[in-house]
Amino acid sequence: MSARDDILGGIRRSLKRGALGGERAAQLEGRLANHPSGIIPRRSQGLDRKGQTALFEEQAVEIATTIERVASLRDVPKAVADYLQRFNLPAEFAATPDPLLDKVPWNERPLLKLKRGKPSPTDAVGLSVGFCGIAETGTLMMLSGPDNPSTMNFLPDDHIVVLPASRIVGPMEEAWQKLRQAKGGTAVAATMPRTVNFITGPSRTGDIEQKLEMGAHGPRRQHILIVEDDSIA
Amino acid sequence: MESTSHTFKDNAHDALGNAHLQSALDKMRAGFPQRRLDAIGKLPEFEDLREQGREIKNHVLENLDWYLERYERNVIAAGGHVHWARTPEEARQIILDLCRKLGAKTVTKGKTMIAEEIALNDFLEENGVIPIETDLGEYIIQLRHEPPSHIIAPAIHLTKGQVEETFREVHTNLPADRNLEEPRSLVAEARTMLREKFLKADVGVTGANFLIAETGSSVIVTNEGNGDLTQLLPRAHIVLASLEKIVPTLEDASALLRLLARSATGQDMSVYTTFSTGPRRAEDPDGPGEYHVVLLDNGRTGMLGSEFQEMLRCIRCGACMNHCPVYGAVGGHAYGWVYPGPMGAVLTPSLIGIENAKHLPNASTFCGKCESVCPMKIPLPKMMRHYREREWQKKLSPATQRFGLKLWAFLALRPPLYHFFYAIAAQVLGLLGRRTGGSFYNLPLAGAWTATRDLPAPQGRSFQEQWHQRQKQKKAA
Ligand code: SF4
């Protein structure tokens, strides 16, 4: 007997029943199709845009992410240039191919040099666009794909993320809802991206005497630019 | 990993005398419990979430075969492969075969307890494939050739001085006079050393905190980001997970994530929670070209339907050990196998047999703290008691203890005889006690007990005698 049959058979023997079918299987099928949400923390519910953005910022700051709010995409080049200068970082940096970054007037800061594509191991700074922000815990949700290589989230020492305020949701469940809709309905199985990253602050470790140190393997610093312009989806 | 669980008593004795270990454990006892309390204090729904988490996992376990098949179907639909392994031997062989097929020389590894369970590192090394641990704690103990002592903080038994010593010994290409006094410089050095390894590795092996039936995804949770570099950079990503890691949907995974980090480290969320589904897509600029999942049973199907089924709800948060007075006194190595603390005291005999785990179910004061902090409400003390019963039935407990308990049971079933002997014993002990000032500092057959405390001597008459006398007096009055 194959290991697979043996294991499945063993489970059925232990549970003293055969393979599930009929009504019971239909119930399980229904549970997957409806993917019900359970208890959702009140702190992330019923907030308007302003409240959600405020909660996102409050939670993110608590986990050592830094946040800057800018009015529109036009303000992004200055914000990025200021950040690079503050930490004495190179003006040449990696940036994902995300089309939203095409709408940023980079030429207003001619010294900035964007290398679009996936990062190389020597890039000190990376710039990405967030798929959404989860206010509940100040978490960024990033999707892999041609527009946003996942390595950008991990290789550079400094990770800067552009996040339109319109993409901030309350609890985790709303983030999944957003993904399900973006991919056209509830059959998420066929369209799940290879990698979904929930990122909650910069990399850290407490493995040496439980003393918290930043930048274990991923970015030492994470900086989010929240773009408040409501016209960006 | 070779088990030394059967020598728990000796291991514990050594641990209590180890000054480095005791200093490290002091820090742990002060850290984890307070951080957990702070985190759940900010989430009023925490108790309800525990109840919900328990229900989700119970539902999965009752329907495990159905969910596993659905999970498998969705992994395949996403372009991945599922390999089923009954035993550690089968799992190891599957991974080695995959490495050989890929021509892999080095394998980076994210932290996985299942790899410890199947002793993967030794096996790969014996067969010419070099495994490299990338979680900082795991990296340190791999360099020291030690097993992990905690399921989420594998090097918690070490002081920074010991880590410095190890790094100086192993990283010989770095200047000998470099300053490694602060944890910060140790972390930076490990980061540099491991970055090279990440970039060169052929295969990445990770565990999984959850497997999602709805999407065929595996989920890993880390703070360092090592698991992500492990699975993103090499040509193939192999996930090694045990059967019970299944949850139905993304929403169910989220419900359990709200419990995991808070119970483990006192964070609301760990830094990186990553959902991986299949290999990289044709248009993706990065990610692994192959995606394999090895599903390990190793005794778990046998736990289903037994009094130990509830143990399969465990999400490996470590809260039970962080709060356990026994773990806090002796650390994880004394438990002698992969899983320490209260969860280990139940899981170890379930997976390697009570004969090999021997005294582990006794490594408990039955204070109940573990169950009260377990996010999945697993009745750990109750299950340890089940094992004590089995241990008794299998005649694995010490002979004097068995004789004493049998004698007591014989008398307790015969009340007149019991009263007779008890009255005599009380009188004799009472007489002796008057000679020694009312308490005993040494008693035959109870040397271990009286070594650390005195037993107050009985007053000379048993409770039952006194009770009867009082009842008589009452009636007379
Ligand atoms: S038994 Fe409970 S507390 Fe212990 S590791 Fe498992 S889930 Fe956490």
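Each chain has its residues counted from 1, following the order in which its sequence is written. Working convention: letters from A go to chains and numbers from 1 go to ligands, in the order in which they are written. Local features are withheld for residues below a pLDDT of 70 in this predicted model, meaning they are given only at 70 or higher, and side-chain atom pairs are given and counted only at 80 or more; totals for whole chains, interfaces and linings count all residues. Where side-chain values are given, they derive from all heavy atoms of the structure, hydrogens and water being excluded.

Novice: Requested: an account of the overall build of chain A, with residues and values cited.
Specialist: By definition, any uninterrupted DSSP run of H or I lasting at least four residues is a helix, any uninterrupted run of E lasting at least two residues is a strand, and each is numbered from the N terminus. Helix and strand counts for chain A stand at 5 helices and 12 strands. With a 1.4 Å probe rolled over the protein chains alone, any residue whose accessible area is under 20% of its type maximum counts as buried; one over 50% counts as exposed, and the rest are partly exposed. Relative to its 233 residues, chain A shows a buried fraction of 57%. Put simply, 72% of the contacts in chain A that link residues at least 6 apart link residues at least 24 apart. For chain A, the computed accessible surface area is about 9500 Å², with 51% contributed by carbon and sulfur atoms. Here Asp and Glu are counted as negative and Lys and Arg as positive; His is not counted, and neither are the chain ends. By convention, the point assigned to a charge is CZ for Arg, NZ for Lys, CD for Glu and CG for Asp. Charge-centre separation for chain A: the mean point of 30 positive side chains lies 5 Å from the mean point of 28 negative side chains. The contact rule is simple, with two residues in contact once any of their heavy atoms fall within 4.5 Å. For the area figures, the Shrake-Rupley method with a 1.4 Å probe applies, and any residue is considered shielded solely by the protein chains shown.

Novice: Can you tell me about the interface of chain A and chain B, naming the residues and giving the values?
Specialist: It is common to give the size of an interface as the accessible area lost on bringing the parts into contact. Contacts between chain A and chain B engage 81 residues on the former and 103 residues on the latter. Buried area is calculated as the accessible area (1.4 Å probe) missing from two parts once they are joined, with the contributions of both summed. Across the interface of chain A and chain B, roughly 7700 Å² is buried in total on both sides, 55% from carbon and sulfur atoms. The three residues of chain A that bury the most area against chain B are A:Arg194, A:Gln210 and A:His217, which together make up 13% of that side's buried surface. Salt bridge, as used here, is a side-chain nitrogen of Lys or Arg placed within 4 Å of a carboxyl oxygen of Asp or Glu. Between chain A and chain B we count 17 salt bridges in total. When the shortest N-O distance is used, the salt bridge between B:Asp268 and A:Arg43 registers 3.1 Å. Within the residue set of the side of chain A that touches chain B, elements represented by two or more residues are helix H1 (3–14), helix H2 (22–34), helix H3 (49–62), helix H5 (172–182), strand S9 (195–199) and strand S10 (204–205) of chain A.

Novice: Account for the nonpolar core, with residues named and values stated.
Specialist: Residues A:Met141, B:Phe275, B:Met311, B:Tyr339 and B:Met343 are the most contacted members of the largest nonpolar core, which totals 134 residues. The element contributing the most residues to this core is helix H12 (residues 250–264) of chain B, with 7 residues. Setting aside anything within four residues of it in sequence, one finds A:Met141 in contact with A:Gly130, A:Phe131, A:Cys132, A:Ala175, A:Trp176, A:Leu179, A:Val196, A:Asn197 and A:Phe198. The nonpolar core is taken to be a set of buried Ala, Val, Leu, Ile, Met, Phe, Trp, Tyr and Cys residues, with the residues joined through side-chain atoms within 4.5 Å.

Novice: Quick rundown of the sheet that holds strand S3 (residues 130–133) of chain B? Include the residues and the values.
Specialist: Residues and elements named next belong to chain B. At least two DSSP bridges between two strands are needed for those strands to be called paired. Ordered in space as S1-S10-S7-S4-S2-S3, the 6 strands form an open sheet in which the pairing is parallel. Bordering the open sheet on either side are strand S1 (81–85) and S3, each of which pairs with just one other strand. Across the sheet, the mean angle separating the axes of adjacent strands is 25 degrees when strand polarity is ignored. Alignment of strand S4 (residues 203–206) against strand S7 (residues 236–242), held across 4 bridges, turns out to be parallel. From the neighbouring strand, Val203 faces S7, where its bridge partner is Ala236. Lines fitted to C-alpha atoms define the axes, with helix axes restricted to the stretch in contact, and inter-axis angles between N-to-C directions lie between 0 and 180 degrees. The sheet strands contacting helix H4 (residues 64–77) are S1 and strand S10 (290–296), and the helix crosses S10 at an angle near 165 degrees.

Novice: Pulling in residues and values, what's your account of helix H8 (residues 136–143) of chain B?
Specialist: The α-helix advances 3.6 residues per turn, and as a result positions three or four apart in sequence lie on the same side. For H8(B), the buried fraction is high: 7 of the 8 residues fall into the buried class. Restricting attention to buried positions, one finds in H8(B) the residues B:Leu136, B:Gly137, B:Glu138, B:Tyr139, B:Ile140, B:Ile141 and B:Gln142. In the core, the buried residues of H8(B) are packed alongside S10 of chain A together with helix H6 (113–117), helix H7 (120–126), S3, helix H9 (160–170) and helix H10 (183–200) of chain B. Two residues or fewer after H8(B) comes B:His145, characterised by a positive phi angle close to 55 degrees.

Novice: Please provide a residue-by-residue account of the sheet that holds strand S7 (residues 158–164) of chain A, values included.
Specialist: Residue and element names in this part refer to chain A. Here 6 strands make up an open sheet; going across it, the order is S1-S12-S7-S4-S2-S3 and the pairing parallel. Across the chains shown, the open sheet's two edge strands, defined by having one partner strand only, are strand S1 (66–70) and strand S3 (113–116). Across the sheet, the axes of successive neighbouring strands diverge by a mean angle of 25 degrees, strand direction being ignored. Lying on the sheet, H3 is in contact with S1, S7 and strand S12 (221–227); it crosses S1 at an angle near 150 degrees. Across the sheet, helix H4 (residues 76–86) touches S1, strand S2 (92–95), strand S4 (125–129), S7 and S12, and the angle it forms with S12 is around 160 degrees.

Novice: I'd like a rundown of the packing of H1(A) against H4(B), residues and numbers included.
Specialist: Describing two packed helices takes the angle between their axes plus the distance from one axis to the other. Running from amino to carboxyl end, H1(A) crosses H4(B) at an angle of 150 degrees, the nearest separation of the two axes being 9 Å. Our classification of the angle between H1(A) and H4(B) gives roughly antiparallel. On the side of H1(A), the interface is formed by A:Arg4, A:Leu8, A:Ile11 and A:Arg12, while H4(B) contributes B:Leu64, B:Asp65, B:Leu68, B:Glu69 and B:Glu72. Per-class residue counts for the contact of H1(A) with H4(B) are 4 nonpolar, no polar and 5 charged. By the definition adopted for this analysis, an angle is roughly parallel if under 35 degrees, roughly antiparallel if over 145, roughly perpendicular if from 65 to 115, and oblique otherwise. For this classification, Asp, Glu, Lys and Arg are treated as charged, while Ala, Val, Leu, Ile, Met, Phe, Trp, Tyr, Cys and Pro are nonpolar and the rest, including Gly, are polar.

It is worth stressing that arrangement in space is one thing and function is another; only the former is reported here.
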